[in-house]
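One letter stands for each residue in the lines below.
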Amino acid sequence: MLPLLLAASTLLSTWQFRQEPSPQMPDVDTTWHTVQVPHDWAISGPFDRANDLQEVIVVQNGENEPTWKTGRSGGLPWMGKGHYKTRVAVKKDRFYTLVFDGAMSHADVYVNGEEMVYWPYGYNTFDCYILPHLITGDSVDIDVFLENKPQQSRWYPGAGLYRNVHLVETDPIHIPTFGVLIRTPKVSKEFAQVTVAVELQDGVEPIGVQNTDYRVQTDILFDGQVIATVEGQQGVADVMNPQLWSPETPNLYTARSRVMRGETILDEKETVFGIRSVSYTPEHGFQLNGQTRKFKGVCLHHDLGPLGAAVHVDALRHQLSMLKNMGCDAIRTSHNMPAPELVQLCDEMGLMMMIEPFDVWNWGKTDNDYNKEFNDWWRADITNMVKHYRNNASVMLWSSGNEVWNQVLPDGIQIVTMLQDLFHQLDPTRPVTNGMDQAMYVIHNGFGAAVELPGFNYRTSRYEEAYENLPQKMILGSETASTVSSRGVYKIPAILKDFAMYADHQSSGYDVEYCPWSGLPEQDFQLQDDYDWTLGQFVWTGFDYLGEPSPYDTDAWPSHGSYFGIIDLASLPKDRYWLYRSQWNETEATLHVLPHWNWKKGDKVPVFCYTSYPSAELFVNGKSYGKLRFATAEETARLAKGETIEGVSAMPKVGEFTIPEWGSAPRPELLPRYRLMWFDVPYKKGKIEVVAYDADGKAVAKETIKTAGKPHHLEITCANDSEHPEELLYYTIKVVDQHGNLCPFADNLVTYKGDGFVAAANGDAACLDSFVEPKMHAFAGQCTFIIRKGTKGKFMLANK
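Going along each chain's sequence as written, the residues are numbered from 1 onward. Thresholds applied to this predicted model are a pLDDT of at least 70 for local features of residues and 80 or more for the giving and counting of side-chain atom pairs; totals over whole chains, interfaces and linings are not thresholded and use all residues. The basis for every side-chain value is the complete set of non-hydrogen atoms in the structure, without hydrogens or water.

## Brief notes about the overall build of the protein chain
- Secondary structure elements follow DSSP: runs of H or I no shorter than four residues count as helices, runs of E no shorter than two count as strands, and numbering proceeds from the N terminus. Secondary structure summary: the protein chain contains 11 helices and 50 strands in total.
- For the radius of gyration, the atom set is restricted to C-alpha positions; the globular benchmark scales as 2.2 Å times the number of residues to the power 0.38. What you see for the protein chain is a C-alpha radius of gyration of 27 Å, in line with the 28 Å of a compact globule of 800 residues.
- When the backbone C-alpha atoms are referred to their principal axes, the protein chain occupies close to 85 × 60 × 55 Å.
- Here the protein chain, with 800 residues, has 62% of them falling under the buried criterion.
- Under the convention used here, a 1.4 Å probe and the Shrake-Rupley method define accessible areas, while residue burial counts only the protein chains that appear. Counting every atom, the protein chain has about 30200 Å² of accessible surface; 49% of that belongs to carbon and sulfur. Buried, partly exposed and exposed residues are distinguished by accessible area as a fraction of the type maximum, computed with a 1.4 Å probe on protein chains only: under 20%, between the cut-offs, and over 50%, respectively.

If you want it as structure tokens, here you go:
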């Protein structure tokens, strides 16, 4: 074995922290506390309407006058200043790099009182060196100062060292943080070519490839076995019969790069990558490994619900596992750089990625957002992001921004071209999209033509116009649907509405409500199913998130979380989860029925079924209310003309709509193509049962919902106790009657007594219960507790 001068990366997890007074938060506790990083100082609350209360004009939504946006950034105290400090052991003959996966925000890093780096953008990874002249003893002091400004964000950003901090110890001759580049320019089932480029540094100075004092060797490994070797800082390896990466087969390779002086290893870096080919063409659309497919993706904000912004790999894995089960195969990191752990999990679990850096360019959406930094920092931020993730197999494309207002301004084409040029300089292997929402302009003003791979946020009624007028002849649904709903809450009758608001601050679980700029899932299903030139979609959003509580966003406290999610803030699936699963999960059948069956005498109740089976029949207390099948594409056109088709669901009724010039009209005729719906079913206490039939008419599955009695006890299940060594376990708590039926209106307080409590949530976007106290009211009969594995405790139901 070759001698190795130990290279090591250590997580700096234990820090001292205090908040410091600021104009926005003058009366904070300035006591030093020991905290564990990743750390979000704001998630403990309390919620307050005054936290980052914003009086703004949301131009994107067609607003002309300023209004008070309550809860827009989550209603938590994330503004202000924070100070972290720690002491680390060092050696004089070694070289040290500090790597910050993300620090929210305006990070100023000092070592022994000397400033090492300033990085304003809270979402990006950045590094700095502990310069040798600062190492005068066996330790150094590290101080990190952070500041979050008011109106810095239009969603909850979190606060603090919310991602990991690494201390990397190497020889002075070392590979820098983003110093390995892997590409696979030739890929087939029989053969793949892997190119390797390794950068070297002597301290902070680069070492050229012509250097002969040091030797670089990169071994390519699969399943721990060396299968090829590249000698030198640059070279090519041939891999025979490669195991290709895809969502269905997420095979991964490792490039182990070593820097040697003679027979001594000075530094070693492992880079995980995948072998796969990616292409986008008008003739074949999006192809992965030569096979045409469409993205079945969701957008994700970075917060983890009751855990806040502090990253935790168990929480990320739990989210991705739920999405994979739904049939989702892609993630858009909206609207910022992701945590490295998310990208690693997407590599391992088989989820494709669109990585997006910015929500704005030099024209802002809030007073102190990234528009203040863009002109000075866009190049550094894109460079770090692309270098960080260009080796990752899961990354299929980049985005240069989301709904940037420059798309309608004179400088838009210049900026988008400038950004795309940098992306291509750093990574010529992937295209660049942009999430455009001003379709009526970009289709004709040159901006849409300048975007390499046009992405449209909503605007489904403009897709065909875009296809006809844009030269790329491909359209990506970069952000779709924005349907709003609350888990377990049903408003009758089920009528298509936009911006519907109710006294209880909830949206209907029938999945028939949305916002003026958006639409229902069926509008996107139809475009993806019927047109080869569509590349897939990214639904807004996979999970609810803190902030942006549309439609309850204008002077509507206490709403402070989103209603857009397919899965709620407590990681509990809404009914819409099963609608997407019925269309996306191609390996497992889906049968889901809604709503609950606790109504008033005389109520006429719509019953919906989301299923992958071709037909189903509804029974109420044994009486059939008819067998339904899905409408064909041709039949939806007949429905739109007012025809009634035997055996096919009727269209839902349409309420009043506010359709701006750039919006999309409702398409009720599309719902019978993707949902089975029985309207006006007379309520009778007992049970509803839906029986599903296969293509031959054989009954193959059924789902039953019974009228529930009074709350009696708790039903407790662990949602993520899998083969992975999870530290955090998600417990789903259901309030049930004496027969085990979910009590759909139960709002009892659930408490936990014992060890290991981490957080709790119930998915109610208007609930002000603290996430960090071991008690939580049930919402629609359910809530979630996050508990550390290996600890003991007891859940209790109050107010039975």
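## With respect to helix 1 (residues 313–326)
- For helix 1, spanning 14 residues, the distance from its first C-alpha to its last is 20 Å, which sits close to the expected 20 Å at 1.5 Å a residue.
- Considered for burial, the residues of helix 1 that qualify are Asp 314, Ala 315, Leu 316, Arg 317, His 318, Gln 319, Leu 320, Met 322, Leu 323 and Met 326.
- Buried residues along helix 1 sit in contact with strand 26 (295–300), strand 27 (330–333), helix 2 (340–349), helix 9 (575–584) and strand 45 (728–736).
- Positive phi appears at Gly 327, one or two residues downstream of helix 1, with a value of about 100 degrees. Expected span of a helix, by definition, is 1.5 Å for each gap between consecutive residues, and there is one gap fewer than residues. When checking whether two residues touch, look at their non-hydrogen atoms; a contact exists if any pair is within 4.5 Å.

## Structural notes on the sheet that holds strand 40 (residues 623–629)
- Spatially, four strands are ordered 40-39-42-43 in an open sheet, and the strand pairing comes out antiparallel. In this open sheet, the two edge strands, each paired with only one partner strand, are strand 40 and strand 43 (699–706). Adjacent strand axes in the sheet meet at a mean angle of 20 degrees when their direction is disregarded.
- Here, a strand pair is defined by DSSP locating no fewer than two bridges between the strands. Pairing of strand 39 (residues 615–620) with strand 40 involves five bridges; the strand directions are antiparallel. By the bridge assignment for strand 40, Phe 619 is matched with Ser 624. Each axis is a line fitted through C-alpha atoms, taken for helices only over the stretch in contact, and angles between the N-to-C directions span 0 to 180 degrees.

## Comments concerning the packing of helix 1 against helix 9
- Interhelical geometry of helix 1 versus helix 9 gives an angle of 55 degrees and a closest axis separation of 8 Å. When the interaxial angle is binned, helix 1 and helix 9 end up oblique. Residue-level inspection shows Met 322, Asn 325 and Met 326 of helix 1 in contact with helix 9, the latter providing Tyr 577, Tyr 580, Arg 581 and Trp 584.
- Here the residues of the contact of helix 1 with helix 9 sort into five nonpolar, one polar and one charged. Any angle that is under 35 degrees is reported as roughly parallel, and any over 145 degrees as roughly antiparallel; angles of 65 to 115 degrees are reported as roughly perpendicular and all others as oblique. Ten residue types, Ala, Val, Leu, Ile, Met, Phe, Trp, Tyr, Cys and Pro, are classed as nonpolar, four, Asp, Glu, Lys and Arg, as charged, and the remainder, Gly among them, as polar.

## A few points about unusual backbone geometry
- Across the junction of Gly 45 and Pro 46, the peptide omega takes the value 5 degrees, indicating a cis bond.
- By secondary structure assignment, the location of Pro 46 is in the loop between strand 3 (33–36) and strand 4 (54–56).
- With an omega of -5 degrees, the peptide bond running from Trp 540 to Thr 541 counts as cis.
- As for its position among the elements, Thr 541 is in the loop between strand 36 (534–540) and helix 9.
- Located in the positive-phi region is Tyr 458, a residue other than glycine, with phi close to 65 degrees.
- Within the secondary structure, Tyr 458 is located in the loop between strand 31 (453–457) and helix 7 (463–469).
- The phi dihedral of His 505 falls on the positive side, at around 60 degrees, and the residue is not glycine.
- Within the element layout of this structure, His 505 appears in the loop between strand 34 (497–498) and strand 35 (513–514).

## Here's the deal with the sheet that holds strand 38 (residues 604–611)
- Ordered by their spatial adjacency, three strands build an open sheet running 37-38-41, and the pairing between neighbours is antiparallel. At either end of the open sheet lies a strand with only one pairing partner, and these are strand 37 (591–594) and strand 41 (676–682). Direction aside, neighbouring strands of the sheet carry axes that sit 20 degrees apart on average.
- Note that strand 37 and strand 38 share four bridges and pair antiparallel. Bridging from a neighbouring strand, Leu 591 pairs with Thr 611 of strand 38.
- Of the strands in this sheet, strand 37 and strand 38 are in contact with helix 9, which crosses strand 38 at around 40 degrees.

## Observations regarding the packing of helix 8 (residues 521–530) against helix 9
- As a packed pair, helix 8 and helix 9 sit with axes 12 Å apart at the nearest point and diverge in direction by 10 degrees. Considered as vectors, helix 8 and helix 9 are oriented roughly parallel to each other. Here helix 8 contributes Pro 521, Glu 522 and Phe 525 to the contact with helix 9, which in turn contributes Arg 576, Leu 579, Tyr 580, Gln 583 and Trp 584.
- When its residues are assigned to classes, the contact of helix 8 with helix 9 shows five nonpolar, one polar and two charged.

## Some words on the side chain of Thr 333
- Within the secondary structure, Thr 333 sits in strand 27.
- At 3.0 Å, the side chain of Thr 333 forms a polar contact with the backbone oxygen of Asn 336.
- Side-chain polar atoms of Thr 333 contact the backbone nitrogen of Glu 356, separated by 3.1 Å.
- Residues within four places of Thr 333 in sequence aside, it is in contact with Leu 300, Pro 338, Leu 342, Met 353, Met 354, Ile 355 and Glu 356. N or O atoms closer than or at 3.5 Å make up a polar contact, with two conditions inside protein: a donor-capable atom paired with an acceptor-capable one, and, for residues adjacent in sequence, both atoms drawn from side chains.

## What to know about the pairing of strand 31
- Of all five residues making up strand 31, five are buried, and the element is well covered by its neighbours.
- With burial as the criterion, each face of strand 31 is covered, one bearing Leu 453, Gly 455 and Asn 457 and the other bearing Pro 454 and Phe 456.
- Judged from the two bridges that link them, strand 31 and strand 32 (residues 475–481) form a sheet pairing that is parallel. Opposite Gly 455, over in strand 32, you have Leu 476 as the bridge partner.
- If you view a crossover with the strands going away from you and the path from the first strand over the helix to the second runs clockwise, you call it right-handed. Where the polypeptide runs from strand 31 across helix 7 and back to strand 32, its parallel neighbour, the crossover connection is right-handed.

## Here we look at helix 2
- Where burial is concerned, most of helix 2 is hidden: eight out of the 10 residues are buried.
- Within the span of helix 2, buried status applies to Pro 340, Glu 341, Leu 342, Val 343, Leu 345, Cys 346, Asp 347 and Met 349.
- Looking at the packing, one finds that the buried side of helix 2 touches helix 1, strand 27, strand 28 (352–355), helix 3 (374–389) and strand 29 (395–402).
- Gly 350 sits one or two positions beyond helix 2 and adopts a positive phi of about 85 degrees.

## Looking at the pattern of salt bridges
- Put simply, a salt bridge is a Lys or Arg side-chain nitrogen that is within 4 Å of an Asp or Glu carboxyl oxygen. Scanning the entire structure with this criterion turns up 35 salt bridges.
- The closest approach of N and O atoms between Lys 69 and Asp 553, which form a salt bridge, is 3.7 Å. Taken together, the residues Lys 69 in strand 5 (residues 67–69) and Asp 553 in the loop between strand 36 and helix 9 connect sequence positions 484 residues apart.
- Take Asp 553: its relative accessible area is 10%, and that puts it in the buried class.
- For Glu 773, the salt bridge goes to Lys 775, with nearest N and O atoms at 3.8 Å.
- What makes Glu 773 partly exposed here is its relative accessible area of 38%.
- Sharing partners across several salt bridges, the network here consists of Arg 154, Asp 359, Lys 365 and Glu 548.

## As for the environment of Gln 528
- Following the sequence through the fold, Gln 528 ends up in helix 8.
- A relative accessible area of 10% places Gln 528 in the buried class.
- When the C-alpha atoms of Gln 528 and Asn 61 are compared, they prove to be 25 Å apart, with 467 residues separating the residues in sequence.
- Those residues in contact with Gln 528 that lie beyond four places of it in its chain are Lys 294, Thr 534, Leu 535, Gly 536 and Gln 537.
- Within the structure, the side chain of Gln 528 is placed 2.8 Å from the backbone nitrogen of Gly 536, a separation counted as a polar contact.

## Brief notes about the environment of Glu 190
- Mapped onto the secondary structure, Glu 190 falls in the loop between strand 14 (180–187) and strand 15 (191–198).
- Here the alpha-carbon distance between Glu 190 and Gln 243, two residues 53 residues apart in the chain, equals 9.4 Å.
- Every residue in contact with Glu 190, bar those within four places of it in the chain, is listed here: Val 239, Met 240, Asn 241 and Pro 242.

## What about the side chain of Asn 164?
- Among the structural elements, Asn 164 can be located in the loop between strand 11 (139–148) and strand 12 (165–170).
- Within the local environment of Asn 164, its side chain forms a polar contact with the side chain of Glu 341, the two groups lying 2.7 Å apart.
- With sequence-adjacent residues up to four places away left out, Asn 164 is seen in contact with Leu 11, Val 37, Pro 38, Val 99, Phe 100, Asp 101, Val 311 and Glu 341.

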